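Each chain, letter by letter, is given below.
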Amino acid sequence: MSGLADITARIHAAETKAGRSTGSTTLIAVSKVQPEDRVRAVLDAGHRTYGENRVQEATGRWTPLLEDYAGLDLHLIGPLQSNKVRQAFGLFQWIHSVDRPKLAKAIARIAQEEGTCPGLFVQVNTGNEPQKAGIAPAEADDFVAECRAMDLPVAGLMCIPPAEEEASLHFALLAKIAARNGLTGLSMGMSADFEKAIALGATHVRVGSAIFGARSPQ
Ligand SMILES: *Cc1c(COP(=O)(O)O)cnc(C)c1O
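Not measured: the values here are computed from a predicted model. (Residues numbered from 1 in each chain as written. Predicted model: local features only at pLDDT ≥ 70, side-chain atom pairs only at ≥ 80, totals over all residues. Heavy atoms only, no water.)

S.K.: Teacher, can you tell me more about the overall build of the protein chain here?
M.R.: Looking only at helices and strands, one finds nine helices and eight strands in the protein chain. Against the globule reference of 17 Å for 218 residues, the protein chain gives a C-alpha radius of gyration of 17 Å, in line with a compact fold. Overall, the C-alpha framework of the protein chain stretches about 45 × 40 × 35 Å when taken along its three principal axes. For the protein chain, with 218 residues in total, the buried portion stands at 49%. Partitioning the intrachain contacts of the protein chain with sequence separation of at least 6 by distance along the chain shows that 59% fall at a separation of at least 24. Here the protein chain displays about 9,900 Å² of accessible surface, and carbon together with sulfur accounts for 52% of that area. (Helix = DSSP H or I, 4+ residues; strand = E, 2+ residues; numbered from the N terminus. Rg over C-alpha atoms; globule rule 2.2 N^0.38 Å. Buried < 20%, exposed > 50% of the residue type's maximum accessible area, 1.4 Å probe, protein only. Contact = heavy atoms within 4.5 Å. Areas by Shrake-Rupley, 256 points an atom, 1.4 Å probe, with all protein chains shown as cover.)

S.K.: Please clarify how the pattern of salt bridges should be interpreted in this entry.
M.R.: Side chains that differ in charge, positive against negative, can pair when their charged atoms come close. Summed over the entire model, instances satisfying the criterion amount to eleven salt bridges. A salt bridge links Glu36 to Arg40; the shortest N-O distance between them is 2.7 Å. Taken together, the residues span about one helical turn, with Glu36 and Arg40 both in helix 2 (residues 36–44) at a distance of four residues. Among the residues examined, Arg40 registers a relative accessible area of 25% and is labelled partly exposed. For Asp141, the salt bridge identified is with Arg180, shortest N-O distance 3.0 Å. Of this pair, Asp141 sits in helix 6 (residues 137–149) while Arg180 sits in helix 7 (residues 167–180), and the two are 39 residues apart along the sequence. It is possible to trace a salt-bridge network through shared partners that takes in Arg86, Arg109, Glu113 and Glu114. (Salt bridge = Lys/Arg side-chain N within 4 Å of Asp/Glu carboxyl O.)

S.K.: Honestly, unusual backbone geometry in this entry has me stumped. Any pointers?
M.R.: Excluding glycine, most residues fall at negative phi; most peptide bonds, likewise, are trans. Although it is not a glycine, Val33 sits at a positive phi angle of roughly 65 degrees. For Val33, the position within the fold is in the loop between strand 1 (26–30) and helix 2.

S.K.: Please explain helix 2 as it appears in this structure.
M.R.: Side chains three or four residues apart in an α-helix point the same way, a direct result of the helix having 3.6 residues per turn. Of all the residues in helix 2, the buried ones are Val39, Val42 and Leu43. In an axial view of helix 2, the angular spread of the buried residues amounts to 105 degrees, which keeps them on one side of the axis. Exposed positions of helix 2 whose direction lies more than 90 degrees from the buried face are Asp37 and Asp44. (Arc of directions from axis to C-beta.)

These figures come from the coordinates and say nothing about function on their own.
Below, the structure written as structure tokens:
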């Protein structure tokens, strides 16, 4: 699978350039909307870490694949409604889109009931874009504290920079907010900018089209 091998090689080169150890970045292959044959090809190449942005669609796709492939690590990278939290718990090991108190409370309640919780990333709207999900940078510290007070396992922060701005500025801002909150996880960088994200400390890059090819419009 040339897409996967190529991206893995570029990730390792970016790690070396940044003085980081090889393999210190987790590659989340974003399989949303991709045809099943492309996803199976990457699975057959041995990759086990995938990202999806809709709970319903992901459940339909991965329920059968979970029978065929062991060791999958699934990341929810898209918006989560409070009433879909239980379903998300059933499929995902990680949720990258914790972005408001109501959702955090729903996650805490269900974690209590189920006795387990996926690893969590707080999504920060680093560009303060009105149409975009994520907690405002100015509210991030308080929100992280609120999540911790509920015993939620916050592993790090996630962002999606504004399309028309220099992504590095947003990656640097996310890294700064994470550092002052004692968080080590940084979910940042997509097909167009994952090397810049690795240079600024990304622990998780979310790469879709550069691995699988262009997505057909939904
Ligand atoms: C779709 C998506 C990606 C992957 O985007 P590509 O440009 O295809 O790499 C990454 N993160 C999120 C949150 C996404 O929705």
